[in-house]
Amino acid sequence: MKMVNFATDFLCYALKGGSKFYTWLLFLGFFIMIWAYGNYTQISQGMIVTGLNDQVSWGLYMSNFVFLVGVAAAAVTIVFPAYVYNYKPLKDVVIIGEMLAISAVIMCILFVLSHMGRPDRLWHIMPVIGILNWPNSMLTWDVIVLNVYLGLNVVCGFYYMYKKYTGEPVNKVFYMTLVYVSIVWALSIHTVTGFLLNTMPTRPMWFHSMVPIKFIVTAFSAGPAFIILAFFIIRKNTKLEIKDEAINMLSTIITFCLSISLFLTLCEIVTELYPSTEHSFSLKYLLFGKHGLSGLVGFFWASLAMNIIAFILLINPRTRKNHAILPYTCAILFVGIWIEKGMAFVLPGMTPSPIGEFAEYTPSWIEIGNSLGAWAIGLAIFTILAKGAIGIQLGDVKYSEVKGEQYEK
Amino acid sequence: MEKDNKIEKKSRRAFLKDASVKGAGALAGAAALLTGSDDAEAKATWAEHFQKNYRLMTDEEKKESAERLEKRYSEEYGKKVTVGIEPAMPGVLFGYALNIQKCIGCRRCVHACVKENNQSRHDENGKATEIQWIRVIRMEKGNFAFDQNKMDQGYPHDKNFKHGVQVGGNAYTNLGTLLEGQHYYQPEKVPEKDAFYFPIQCHQCEKPPCVKVCPVRTTYRDPDGVVVIDYNWCIGCRMCMGACPYWARRFNWGKPNLPAEDMNPKTHYMGNRPRMKGVVEKCHFCLQRSRKGRYTACIEVCPVGARKFGNLLDPNSEVRKILDRKRVFRLKVEMNTYPKFFYFVD
């Protein structure tokens, strides 16, 4: 009975808001409608409505998927200091990180569904009812780790909120075990996604042992950047108190991770371009263009510039701790890393093709619409989950027996 | 009268096609089951939603699903279609050898393959392009354009020459791609004077990277060494296309365009039966022929006898004799994929 009350109270609180809240959801709803139309078109006509082809068979969907796995993993940048170092300012908002992880994994699943040629056969890849080529196929590892990560965050997040709602004490052994498992698991999801790409010697640009570590450090830059932005919005619009220390802790984590990421970018460029073998063609195509094709060059340099600007603003404590500047830094960084994951990593890896053909890919409007829509769905889910979580954290949503008795009378 | 019939048939099919958008397709199938209608298409669509991976089916189930397909295709293409389920023959390991010295780049193999294997054809409205499993790469003879005027050029540039050149001026003029050729050539006449040709198709690797990365085991190596695909189990994730070092795999981006008059009615379940949209396909050594002891379509059509095919386990087979006596090489050996597709020169 308490469970039902929890669910209804949570949803009632999460779905009730001011005009700003509804405008935001309506805005997202517009893109969700585009998404519905785009996916209908794609399912009825086939992937031919995308810009993909036999030369470049992975595109915008896969890029967004890879990026969002990172965002999902980044919840650990809150959970880790909060529970391992017992850092109080972050402990109060740990639930927001978990809600972000849930929303990001859902977005990942939406992008995978759009990427699949036969989404109607999704059950083929489910354990037990389908066939999982495990442990051989990296994609099966990814399916497993992502779904378990989703489960861990749902259980952790909602168990904590439920206990807070009823006012009962949290079972420490149960809860902390899950928290520690989820910390390690967060690293595993982006590592496995790295392995998904870098275990293909056919694509020399991805065939690099540094891919998983770079994935993790870029994720731990882009993810907390998003969380900081969310914190600023939450601080402005709700009564939830988010301490400056919490934000500063996250921006310090970003600084460390971003510096490693930039260093790894340098290592990659030197390693590939110094000997300049055939295997460097993808990187050359990305950096300078090749064979008259240069669609990605601008994206690469823009992303590098964004990352460096963000780095300069973060490494300097005065600009990092200045909360008038920090949101802009985070926005620049988030976009910079999004470009880096997609246009500067997934796409150039497909060019040239294994037999040396240079082909350029431009996403179609359907693809762009579907991608925007999947983001909109994820953001809507995050908004609703975060709002409910804030209600619980503030104590606005609480279990009261009085209410139940009143109904009975 | 016949024409009218055709139109009616077509429109009904078109309706069903549209309806087969997932849920709607299932509904059509359910309706067919409930009403006892004998619409083969709806029945097959309905059954395929729940069918197992081919390898896990019992012989009985294999037969059933082949029969179901035969009915469906016969109705759809208006001719008697057979769907074979012949398993690999014992004691046979297929191998292929291609004489690059003889190949004249005529691409008759490409077109014979398309005809034999029911690939999607080009559509005037641009809704479908022809899928070709064999691509012939045109290689410039000599590959490099050496230029006397560049003898003194290079990197570092002229003014630093006293310390010696590090990169010669002629280093920049190769075509600069991995195989240093292209497969879109449109010659007036073949063979061209300044070119030689390098056909490429699925290499039927013994250690196929595509099979390893497939998350649902829809593609696997059969005992006769052919890497096959169960088109009904493929989820269209395209991992195999990312992993293949030989760019052998093709995706059905749209609904395949296979006009009834072009359809080859002699098919094999794992081979050339018509595919659906959203699945991967590739060369399978013409299973529908080779498992009955026949040559593949590309071999039969080659006007210069550049293509050889046979049983690698039989010391007297043509392909084994070539491996024993000719100068043979395999493509991209550094990938360690052990292709059973060999190139050779006399």
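This text goes with the structure placed above it.
Computed from a predicted model, the values in this text were never measured in an experiment.

1. With respect to the sheet that holds strand 6 (residues 181–182) of chain B
All names here are of chain B. Pairing is antiparallel in the open sheet, where three strands are placed in the order 6-3-7. The open sheet is flanked by strand 6 and strand 7 (195–200), the only strands paired with a single partner. Pairing of strand 3 (residues 135–140) with strand 6, which is carried by two bridges, proceeds in the antiparallel orientation. In the sheet register, M139 faces strand 6, and the bridge partner there is G181.

2. Re the sheet that holds strand 15 (residues 341–345) of chain B
Residue and element names in this part refer to chain B. Strand order across the open sheet formed by four strands is 13-2-15-14, with mixed pairing between neighbours. One side of each edge strand has no neighbouring strand; the edge strands of this open sheet are strand 13 (307–311) and strand 14 (327–329). Recorded for the sheet is a direction-independent mean angle of 30° between the axes of neighbouring strands. Bridge analysis of strand 2 (residues 94–99) against strand 13 gives five bridges, and the strand direction is antiparallel. When the bridges of strand 13 are listed, Y96 appears paired with F309. Its contacts with the sheet place helix 10 (residues 318–325) against strand 2, strand 13, strand 14 and strand 15, and it is angled at close to 110° to strand 13.

3. Quick look at the packing of aromatic side chains
A complete count under the given rule lists 40 aromatic pairs over all chains for this structure. Considering the side-chain rings of Y159(A) and F174(A), the 4.9 Å spacing of their centres and the 75° angle between planes classify their relative orientation as edge-to-face. With a gap of 15 residues between them, Y159(A) in helix 7 (residues 138–166) and F174(A) in helix 8 (residues 172–198) connect regions that are remote in the sequence. What makes F174(A) partly exposed here is its relative accessible area of 37%. Within the aromatic cluster, the residues linked to one another by ring pairs are F94(B), Y96(B), F198(B), F285(B), F309(B), F329(B), F341(B) and Y343(B). The residue whose ring lies beneath K387(A) is Y13(A), and the NZ or CZ to ring-centre distance is 4.5 Å. We note R238(B) situated over the ring of F251(B); from NZ or CZ to the ring centre the distance is 4.9 Å.

4. Structural notes on the environment of V128(A)
Among the secondary structure elements, V128(A) is positioned in the loop between helix 6 (94–115) and helix 7. Among the residues examined, V128(A) registers a relative accessible area of 82% and is labelled exposed.

5. What about a negative patch on the surface?
Residues and elements named next belong to chain B. Together, D59, E60, E64 and E67 make up a negatively charged patch on the protein surface. Inspection of the secondary structure assignment puts D59 in helix 4 (residues 59–77). Overall, D59 belongs to the exposed group, its relative accessible area being 61%.

6. Comments concerning unusual backbone geometry
Here W134(A) and P135(A) are connected by a cis peptide whose omega angle stands at 10°. Mapped onto the secondary structure, P135(A) falls in the loop between helix 6 and helix 7. Residue P352(A) is reached from T351(A) by a cis peptide bond, and omega for that bond is 0°. Following the sequence through the fold, P352(A) ends up in the loop between helix 14 (326–349) and helix 15 (365–394). Although it is not a glycine, Q204(B) adopts a positive phi angle of roughly 45°. Within the secondary structure, Q204(B) sits in the loop between strand 7 and helix 6 (209–213). For K332(B), which is not a glycine, the phi torsion comes out positive at approximately 50°. Within the fold, K332(B) resides in the loop between strand 14 and strand 15.

About the thresholds
Residues numbered from 1 in each chain as written. Chains lettered and ligands numbered in written order. Predicted model: local features only at pLDDT ≥ 70, side-chain atom pairs only at ≥ 80, totals over all residues. Heavy atoms only, no water. Pairing = 2+ DSSP bridges. Helix = DSSP H or I, 4+ residues; strand = E, 2+ residues; numbered from the N terminus. Axes fitted to C-alpha atoms, helices over the stretch in contact; angles between N-to-C directions. Contact = heavy atoms within 4.5 Å. Phe/Tyr/Trp six-rings, centres within 6.5 Å; stacked < 30°, edge-to-face > 60°. Buried < 20%, exposed > 50% of the residue type's maximum accessible area, 1.4 Å probe, protein only. Lys NZ or Arg CZ within 6 Å of the ring centre and 35° of its normal. Patch = residues over 30% accessible without salt bridge, like charges linked within 9 Å, V, L, I, M, F, W, Y side chains within 5 Å. Areas by Shrake-Rupley, 256 points an atom, 1.4 Å probe, with all protein chains shown as cover. Salt bridge = Lys/Arg side-chain N within 4 Å of Asp/Glu carboxyl O. Lys, Arg positive; Asp, Glu negative; His and termini not counted. Charge placed at Lys NZ, Arg CZ, Asp CG, Glu CD.

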